[in-house]
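The chain contents come next:
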Amino acid sequence: NGGRYNLWFGNYENKEAGWGGPPRDAAYNSFGGRSDRSKSAFFNDRGAGSRGRWVSLRSVIYERGGFAGGGNSRWAEESRDDDWSKPTAPNERLEHELFSASNTGINFEKYDDIPVEATGSSCPPHIESFHDVEMGEIIMGNINLSRYTRPTPVQKYAIPIIKSKRDLMACAQTGSGKTAAFLLPVLSQIYTEGPGDALQAENGRYGRRKQYPISLVLAPTRELALQIYDEARKFAYRSRVRPCVVYGGADIGQQIRDLERGCHLLVATPGRLVDMMERGKIGLDYCHYLVVDEADRMLDMGFEPQIRRIVEQDTMPPKGIRRTMMFSATFPKEIQILARDFLEDYIFLAVGRVGSTSENITQKVVWVEETDKRSFLLDLLNATGKDSLTLVFVETKKGADALEDFLYREGYACTSIHGDRSQRDREEALHQFRSGRCPILVATANVKYNINVKHVINFDLPSDIEEYVHRIGRTGRVGNLGLATSFFNDKNSNITKDLLDILVEAKQEVPSWLESLAYEHQHKSNNRGRSKRFSGGFGARDYRQTPGSGSFSNNRSGRGAGGHGGNRGFGGGKQTIRTGVFCSFFFFFLTVMKTMGECDLRMR
């Protein structure tokens, strides 16, 4: 028994720990490098006797919950005198859990030539290094642990904008580091300013049963919310900030119990957040930082009433007092106009080929009849290798289950994920996919998770070109090479023109049959209005900068009024299309195998 109590009351074996390596400058000397740290220093005992032992015990308990220090509602009075800008004691176990797999395989050199466009009044200058802006000891230490060597383009511009307390609307390629672009400056501001009035509110009328987060991050899906929460835990390591996450499809009782332990940064899906607010568990009175991730989907796919309920019809501070940031891979004009209701004097940031796709992704579009898709898929999987992480998108839940069963019978380790699966089943499927036990994942919707997939296959192409952009953004993330293959047939004629636009913008090989179909489709729909794609390598322009009526320009340089391809010629009908398709199959597989070989070499 004595050994057991020694473990709980201060004799925890903790090696001297820094921030995951030798410090780069004197700023890191206080992060675990002190020579006077003893075994009991981990607990930060504040006195002798039983009170000191209780502080030690509670430190262990809350460290196991992912909370690196005080600052929650139960001990708000003690935390009031703490300096939130100073790091708490390190935890070797938690540090390994959070950072052991950070940032593997990222190719930062690929970012050097990515174009960036910032518009708005008094835009602060961008940074070239994380040291160019003051973000404090805790953030810089966690950047070092995350093995971030330099900021990505969206981070170079977004971090100083948010640090300058400006509203931001940012379009950036999926996988470009958007999550860190808002978490780093927001958490840095919280560490600098402390909890403020939110701490007093925690001890008020509702006691610890109602939480008042300082920052709120809204995400459209459970998977994306969990991904952001995992990143928030990294950058909140050794701080007094406690991140929490709430989302639908999981036990609300457990989420409420987790909230009652303290919540300073909340990641939430809109539906579950509204539920928590109506139950009196969350108050937004002191929420000074609002982030809406995947903003186009949040507003364009039915979440607008819930977002307006959260932002405009409750106790959240109005725009101008709170800081609001919207991030997305695409941002069409209609969504920009809608989003301006939540932003004030904002800066519009377009990074890279946003709303389009990265040149790091090799995109292949092949003609495959519905009856031939399964056979073609098997050939494709054999060409790329059974162990390559492959994401296969289908259109229906029934189709996902059927395709999973088919692949399983053919001897492939695979799993599937769709809306009818329970949250536990979804998380288990993602875990098996991440770990490589089931390297093939069949999905019905855009899956959000922080992992670089080698190959995305659109077994069924989506009807919306924006969904296509989000889907193939699962590969070629953060500068790596990736491959996206799409099965095309007569059912997909509605996206022919937009798909051709994307291939041309990303400098991809365009099949001659696709050009022919696009030409035919353009003449059929000539009176139906302009395409919603945007030019110049950006998926969206700041509509405030457009003269006249405010409509976007859709001119494409180097192309005549007759459409794509100049003098390459069109026509020939379906017979010509089919002939060209079958002649290209052999060359397609050679390209696939070459691309996958390049991905393997790059990852090594």
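Keep in mind that this is a model prediction, so the values were computed, not measured.

### A short note on the overall build of the protein chain
Right, on to step 1. A count of helices and strands for the protein chain gives 21 helices and 14 strands.
Right, on to step 2. Counting every position in the protein chain, which comprises 604 residues, the buried fraction comes to 57%.
Right, on to step 3. A separation threshold of at least 6 residues defines the contact pool for the protein chain, and within that pool the share at least 24 residues apart is 78%.
Right, on to step 4. With an accessible surface of roughly 25,300 Å², the protein chain has 47% of that area assigned to carbon and sulfur atoms.

### Section: the sheet that holds strand E14 (residues 482-488)
Right, on to step 1. One open sheet holds the six strands; their spatial order is E9-E14-E13-E10-E12-E11, and the pairing between them is parallel. Two strands lie at the open edges of the sheet, namely strand E9 (361-367) and strand E11 (414-417), each paired on one side alone. Neighbour-to-neighbour, the strand axes of the sheet open up by a mean angle of 20°, direction not taken into account.
Right, on to step 2. When strand E13 (residues 455-458) meets E14, the two strands line up parallel, connected through four bridges. The residue bridging Ile457 from the neighbouring strand is Thr485, located in E14.

### Let's talk about the packing of helix H15 (residues 373-384) against helix H16 (residues 397-409)
Right, on to step 1. Between H15 and H16, whose axes approach to 12 Å, the crossing angle comes to 55°. Between H15 and H16, the crossing angle belongs to the class labelled oblique. Crossing geometry of H15 relative to H16 is assigned as right-handed. In this structure, H15 uses Arg374, Leu377, Leu378 and Leu381 to contact H16, whose residues at the interface are Ala402, Leu403, Phe406, Leu407 and Arg409.
Right, on to step 2. When grouped by side-chain class, the residues that make up the contact of H15 with H16 number seven nonpolar, no polar and two charged.

### Focus on unusual backbone geometry
Right, on to step 1. Although it is not a glycine, Arg238 sits at a positive phi angle of roughly 65°.
Right, on to step 2. By secondary structure assignment, the location of Arg238 is in the loop between helix H9 (222-235) and strand E4 (243-246).

### A short note on helix H18 (residues 465-472)
Right, on to step 1. The element H18 is extensively covered by neighbouring structure, given that eight of its eight residues are classed as buried.
Right, on to step 2. Residues of H18 that are buried: Ile465, Glu466, Glu467, Tyr468, Val469, His470, Arg471 and Ile472.

### A look at the confidence of the model for the protein chain
Right, on to step 1. Taken residue by residue, the protein chain gives an average pLDDT of 75. The fraction at 70 or more is 66%.
Right, on to step 2. Within the protein chain, strand E5 (residues 265-268) carries the highest mean pLDDT (98), whereas helix H2 (residues 49-64) carries the lowest (39).
Right, on to step 3. In this model, residues 21-80 is a region of pLDDT below 50 whose contacts with residues beyond four sequence positions or in other chains number 127 contacts.
Right, on to step 4. This stretch, residues 527-537, has a pLDDT under 50; its non-local contacts, to residues over four places away or in other chains, come to 34 contacts.

### Some points on the sheet that holds strand E8 (residues 347-351)
Right, on to step 1. The eight strands lie next to each other as E1-E8-E2-E7-E6-E3-E5-E4, forming an open sheet whose pairing is mixed. The open sheet is flanked by strand E1 (116-119) and E4, the only strands paired with a single partner. If you compare each strand with its neighbour and ignore which way they point, the axes differ by 15° on average.
Right, on to step 2. Pairing geometry for E1 and E8, over four bridges, is antiparallel. Its bridge partner being in E8, Thr119 is matched across the sheet by Phe348.
Right, on to step 3. Packing of helix H6 (residues 153-163) onto the sheet brings it into contact with E1, strand E2 (168-172), strand E7 (323-328) and E8, and relative to E8 it is tilted by some 170°.

### Digging into helix H10 (residues 252-259)
Right, on to step 1. Summarising burial for H10: six of the eight residues are buried, a large majority.
Right, on to step 2. What H10 keeps buried is the set Ile252, Gly253, Gln255, Ile256, Asp258 and Leu259.
Right, on to step 3. Elements that come into contact with the buried residues of H10 comprise E4, E5 and helix H11 (270-278).
Right, on to step 4. Regarding H10, its N-cap is Asp251, as a side-chain oxygen of that residue lies 3.0 Å from the backbone nitrogen of Gly253 further along.

### Quick look at the pairing of E5
Right, on to step 1. Burial along E5 is two-sided: Leu265 and Val267 and Leu266 and Ala268, pointing in opposite directions, are all buried.
Right, on to step 2. Sheet topology places strand E3 (residues 215-218) next to E5; four bridges connect them, and they run parallel. Within E5, the residue paired with Leu216 across the bridge is Leu266.
Right, on to step 3. Relative to E5, E4 is paired through four bridges, and the arrangement is parallel. Each bridged residue has a counterpart across the sheet, and for Cys244 the counterpart in E5 is Leu266.
Right, on to step 4. Handedness of the crossover is the feature at issue here: the chain leaves E4, passes through H10, returns alongside E5, and the resulting connection is right-handed.

Rules used throughout
- Residues numbered from 1 in each chain as written.
- Predicted model: local features only at pLDDT ≥ 70, side-chain atom pairs only at ≥ 80, totals over all residues.
- Heavy atoms only, no water.
- Helix = DSSP H or I, 4+ residues; strand = E, 2+ residues; numbered from the N terminus.
- Buried < 20%, exposed > 50% of the residue type's maximum accessible area, 1.4 Å probe, protein only.
- Contact = heavy atoms within 4.5 Å.
- Areas by Shrake-Rupley, 256 points an atom, 1.4 Å probe, with all protein chains shown as cover.
- Pairing = 2+ DSSP bridges.
- Axes fitted to C-alpha atoms, helices over the stretch in contact; angles between N-to-C directions.
- Parallel < 35°, antiparallel > 145°, perpendicular 65-115°, else oblique.
- Left-handed = near helix turned anticlockwise from the far one by under 90°.
- Nonpolar A, V, L, I, M, F, W, Y, C, P; charged D, E, K, R; others polar.
- pLDDT = per-residue confidence, 0-100.
- Polar contact = N/O pair within 3.5 Å; in protein donor to acceptor, adjacent residues only side chain to side chain.
- Right-handed = clockwise from strand over helix to strand, strands pointing away.

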